[in-house]
Amino acid sequence: MKRIFTLFTLFFSLYSISAQNLTFEEYNPKSTLVVPGKVIKKAKFPFIDVHGHQYRMPTQNLAPVIAAMDTLNMAIMVNLSGRTGADLQKSVKNIADNYPNRFVVFANIRFHNNVGKKGWIESTVKQLEQDVKNGARGLKIYKGLGLRDLDVQGKRVAVNDPRLDPIWAKCGELGIPVLIHSADPKPFWDDFDADNERWLELKTRPRRKRGPNNPAPWEQIMQEQHAMFKKHSNTTFISAHMSWLANDLGKLGELLDEIPNMNVGIGAIIAELGRQPRFAKKFFIKYQDRILFGKDSWQPKEFPTYFRVLESNDEYFPYHKKYHAFWAMYGLDLPDNVLKKVYYKNALRIVPGLDKTLFPK
């Protein structure tokens, strides 16, 4: 009996020591809070995901994607990874042959080691025109512009580099939107310390950490984007990830007031909205004509978090990625007229050629 008691004491002591030495990554308590609410697995209205990625679309079987879309009530996916030339044509054909009203593609441009080449801008604009003739409904700009893309002299290409002006002007002329991702969350540029709200993400994914000037300050890159929007007022822009200002909606509102051709997508920033439900709801109501639904990564199991934040008035429910948000979510309880604009009406107005019959009026 004494031996059993000794073993129990030893086990309890080791268990206590282990619990006391838990890391932040390991600490993930189950909430004891009991409040009304439920998971929303299907959006209240059919919606358009303006920030989708299907990288194998030229050859892939689209049936499994459609099956998942139907469970979510996703009527149309905008595949931003349309590429260009023959690849884009193959994607458009795959869509036309199988699900002609459920997908559209945006074209892409490769900037790295090309900007500054003789004749490059002229051939690029010509190819963009051809891509649109071949079915592209917009242009997607990846975050490499401003971050990694270098010109022929090995210098960083700024988002608002004047050598690129003919591209943005052509998009305005063709009546297609430009969805652009610039930079990354600002904490990636900040000190990696206890005050950094993205500490866990940077700890588990250290390659995302940048120095304050690597390759330029965060503020500079985002200012370049906004300056480009202002310069090309006849072109419609969608700033991905709410311009990384979902945590400062006051500042974002000032930009939207200042730049009437700027719109924003909500991909990958729903955790920011879900922790400020009252302020975010006011923002969505005020700027209801400028916000578009987008998810970014194709993970069907993560969409219910978006639906619940946008549609419900639920309190204190979990987010789907701890390293993005270690806090709980709250629902914005958006009115139906605002939900419809975010889910599909704004995209129908901005992206040409979408099938309006898939949506209620």
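Counting restarts for each chain, with residues numbered from 1 along the sequence as it is written. Whole-chain, interface and lining totals are the exception, using all residues; otherwise, since this is a predicted model, local features are given only for residues with pLDDT of at least 70 and side-chain atom pairs are given and counted only at 80 or more. Only hydrogens and water are set aside; all other atoms, that is, all heavy atoms of the structure, feed into the side-chain values.

K.L.:
What should I look at first to understand the packing of helix α4 (residues 120–133) against helix α6 (residues 165–174) in this one?
P.N.:
What describes two packed helices is the angle between their axes and the distance between those same axes. Lines fitted to the C-alpha atoms define the axes, with helices restricted to the stretch that makes contact. Angles between their N-to-C directions range from 0 to 180 degrees. We count a stretch as a helix when DSSP gives it H or I for four or more residues in a row; a strand needs E for two or more, and each element gets its number in order from the N terminus. Where α4 meets α6, the axes come as close as 10 Å, and the angle between the chain directions of the two elements is 25 degrees. The orientation of α4 with respect to α6, classified from their angle, is roughly parallel. Helix-helix and strand crossings are classified by hand; for α4 and α6 the assignment is right-handed. Residues Trp-120, Ile-121, Thr-124, Val-125, Leu-128, Glu-129 and Val-132 of α4 form the contact with α6, whose own contacting residues are Pro-166, Ile-167, Lys-170, Cys-171 and Leu-174. Nonpolar residues are Ala, Val, Leu, Ile, Met, Phe, Trp, Tyr, Cys and Pro. Charged residues are Asp, Glu, Lys and Arg, and all others, Gly as well, are polar. Here the residues of the contact of α4 with α6 are counted per class, giving nine nonpolar, one polar and two charged. Throughout, the term roughly parallel applies to angles under 35 degrees, roughly antiparallel to angles over 145, roughly perpendicular to angles from 65 to 115, and oblique to all others. Each helix crossing is assigned a hand: it is left-handed if the near helix lies turned anticlockwise from the far helix by less than a right angle, otherwise right-handed if that turn is clockwise. Contact criterion: two residues are considered in contact whenever any of their non-hydrogen atoms come within 4.5 Å of each other.

K.L.:
Before we go on, may I ask you to explain the sheet that holds strand β8 (residues 291–292) in this structure?
P.N.:
The strands that make up a sheet are held in pairs by hydrogen bonds between backbone atoms, and each pair lies either parallel or antiparallel. In this analysis, strands are considered paired if DSSP registers two or more bridges between them. An order of β4-β5-β6-β7-β8 is seen for the five strands of this open sheet, with the pairing classed as parallel. Since the sheet does not close on itself, it has two edges, and those belong to β4 (139–141) and β8, each with one partner. Where strand β7 (residues 262–265) meets β8, two bridges bridge the pair, whose relative direction is parallel. Residue pairing for β8: Gly-265 is matched across the bridge by Leu-292. Sheet strands touched by α6: β4, β5 (178–180) and β6 (237–239). Its angle to β4, the strand with the most contacts, is close to 150 degrees. Running over the sheet, helix α8 (residues 218–231) touches β5, β6 and β7 and is turned about 160 degrees from β6.

K.L.:
Where do I start with the pattern of salt bridges in this structure?
P.N.:
Opposite charge on two side chains makes pairing possible when the charged atoms of those side chains draw close. Here, a salt bridge means any Lys or Arg side-chain nitrogen found within 4 Å of an Asp or Glu carboxyl oxygen. On inspection of all chains with the given rule, the structure shows 22 salt bridges. The partner of Asp-87 in a salt bridge is Arg-83, with the nearest N and O atoms 3.9 Å apart. Across the pair Arg-198 and Glu-201 runs a salt bridge whose closest N-O atoms are separated by 2.6 Å. Comparing Arg-198 with Glu-201, the two get one shared label, buried. Taken together, the shared-partner salt bridges connect Glu-129, Lys-170 and Glu-173 into one network. Buried residues are those whose accessible area, probed at 1.4 Å on protein chains only, stays under 20% of the maximum for their type, while exposed residues exceed 50% and partly exposed ones sit between those limits.

K.L.:
Is there a simple way to explain helix α12 (residues 303–311) in this structure?
P.N.:
The periodicity of an α-helix, 3.6 residues per turn, causes residues three or four positions apart to be oriented the same way. Across the nine residues that make up α12, a large majority, nine, are buried. Where α12 is concerned, the buried positions are Phe-303, Pro-304, Thr-305, Tyr-306, Phe-307, Arg-308, Val-309, Leu-310 and Glu-311. On its buried face, α12 is in contact with β1 (47–52), α2 (63–72), β2 (74–79), α10 (270–273), α11 (277–286) and α13 (336–350).

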